[in-house]
Amino acid sequence: MTTLTTQNPGASAEAIQHHYDVSNEFYRLWLDSTNTYSAALWEDNDTLELAQIRKLDYHINQARASNAKRVLDVGCGWGSTLKRLVEVHGVQQAVGLTLSNSQAEWISSFNQPQIDARVESWSDHVPTAPYDAIISIGAFEHFAQLNLSQDEKIAGYRAFFQRCHEWLQPGGCISLQSISYENSRREDFSQFYATEIFPESDLPRLADIATASERLFEVVALRNDREHYARTLRAWQKGLKANRVAAVNLVGEEVVSRYEKYLKFSIIGFHVGTMGLLRVTLRRIDNPRD
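Residues numbered from 1 in each chain as written. Predicted model: local features only at pLDDT ≥ 70, side-chain atom pairs only at ≥ 80, totals over all residues. Heavy atoms only, no water.

Enquirer: Please explain the environment of Ser266 as it appears in this structure.
Expert: Mapped onto the elements of the fold, Ser266 is located in helix 11 (residues 253-272). Take Ser266: its relative accessible area is 4%, and that puts it in the buried class. Between the alpha carbons of Ser266 and Tyr229 there is a distance of 8.8 Å; along the sequence they are 37 residues apart. (Helix = DSSP H or I, 4+ residues; strand = E, 2+ residues; numbered from the N terminus. Buried < 20%, exposed > 50% of the residue type's maximum accessible area, 1.4 Å probe, protein only.)

Following this line, the structure appears as structure tokens:
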């Protein structure tokens, strides 16, 4: 494992790969065709794919990224946002950061010269030019570890926002999506999640994001869409059940059972409100005061 630092007190590359490098083919069995692995944005009669595309467009619009020269996606997953940026929203260059080798390999298969996917932490990223917008969907949960003090946790989050402030053009926006603690505490964080699903990861509270970004960014929009995540998880659960035999053949009974348990527990958490799903839009303060 990598050494914890105050600049990047989040999950190591090994911890990220434990979850995301299981198998690209495994995830494709139960995600939608865009390979999007985060909460969708639903309307009444949506398919999962349509709800995921709506979510991508929401974040792109919130970040004011359409027709931009350069956009950064922190925690780019299998590249659905990057692809949408360049193919639909007219972005000239979309840069994605991931710590998953499997995800980076998948994105490279697009053969899209406007997309630059890097196996790189945000704390190591050095852009070649400023960004017009930043999007981060489902990565913030990995930016702190459970063993940190509250001060260390906030310091790590603030380091991220300081970097984003340095990278963005004046007036630029971040569109951020993250699971959060809702009606629960850090002491309630499931040991099953902590050891078998998302090692070296912790959830923020809304107040943590506000504190870490103050005097650097102003919050201009906020949604808590936990019910949307519960519906997304049920769709994934249905897809995994329908393709269970193929999934076991790919990764084995133990892994499939672990994911079935993870999906079941997560549905309950979002349904009862122990976890929230934050979508936050933050606009750069061009003359910050420390």
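Enquirer: Teacher, can you tell me more about the sheet that holds strand 1 (residues 70-74) here?
Expert: If you walk across this open sheet you meet the seven strands as 3-2-1-4-5-7-6, and the pairing is mixed. Each edge of the open sheet carries a strand with a single partner, namely strand 3 (115-119) and strand 6 (217-224). The mean angle between the axes of side-by-side strands here comes to 15°, regardless of whether they run parallel or antiparallel. Across five bridges, the pairing between strand 1 and strand 2 (residues 93-98) is parallel. Residue pairing for strand 2: Asp73 is matched across the bridge by Gly96. Taken strand by strand, helix 4 (residues 80-87) contacts strand 1, strand 2, strand 3 and strand 4 (131-137), and its axis lies near 175° from that of strand 2. Taken strand by strand, helix 6 (residues 150-167) contacts strand 1, strand 4, strand 5 (168-181), strand 6 and strand 7 (275-284), and its axis lies near 150° from that of strand 5. (Pairing = 2+ DSSP bridges. Axes fitted to C-alpha atoms, helices over the stretch in contact; angles between N-to-C directions. Contact = heavy atoms within 4.5 Å.)

Enquirer: Please explain the environment of His125 as it appears in this structure.
Expert: Looking at the element boundaries, His125 is found in the loop between strand 3 and strand 4. The exposure class of His125 is buried, given its relative accessible area of 3%. In this structure the C-alpha to C-alpha distance between His125 and Arg163, which are 38 residues apart in sequence, comes to 9.0 Å. Excluding residues within four positions of it along the chain, His125 makes contact with Leu72, Val95, Leu97, Arg118, Glu120, Tyr131, Arg163 and Trp167.

Enquirer: Mind showing me how you'd approach the environment of Val119 here?
Expert: Note on placement: Val119 falls in strand 3. As a C-alpha pair, Val119 and Ser102 span 17 residues in sequence and 9.7 Å in three-dimensional space. The contacts of Val119, once residues within four sequence positions are left out, are Thr98, Leu99, Ser100, Asn101 and Ala104.

Enquirer: How should the packing of helix 9 (residues 226-242) against helix 11 be read in this particular structure?
Expert: Each pair of packed helices gets described by two things: the angle between the helix axes and the distance between those axes. Put simply, helix 9 and helix 11 touch, their axes get as near as 8 Å, and they point 155° apart. When the axis of helix 9 is compared with that of helix 11, the two are roughly antiparallel. Classified by chirality, the crossing of helix 11 by helix 9 is left-handed. Here helix 9 contributes Arg226, Tyr229, Ala230, Leu233, Arg234, Trp236, Gln237 and Leu240 to the contact with helix 11, which in turn contributes Val256, Tyr259, Glu260, Leu263, Lys264, Ser266, Ile267, Phe270, His271 and Val272. In the contact of helix 9 with helix 11, the residues fall into eleven nonpolar, three polar and four charged. (Parallel < 35°, antiparallel > 145°, perpendicular 65-115°, else oblique. Left-handed = near helix turned anticlockwise from the far one by under 90°. Nonpolar A, V, L, I, M, F, W, Y, C, P; charged D, E, K, R; others polar.)

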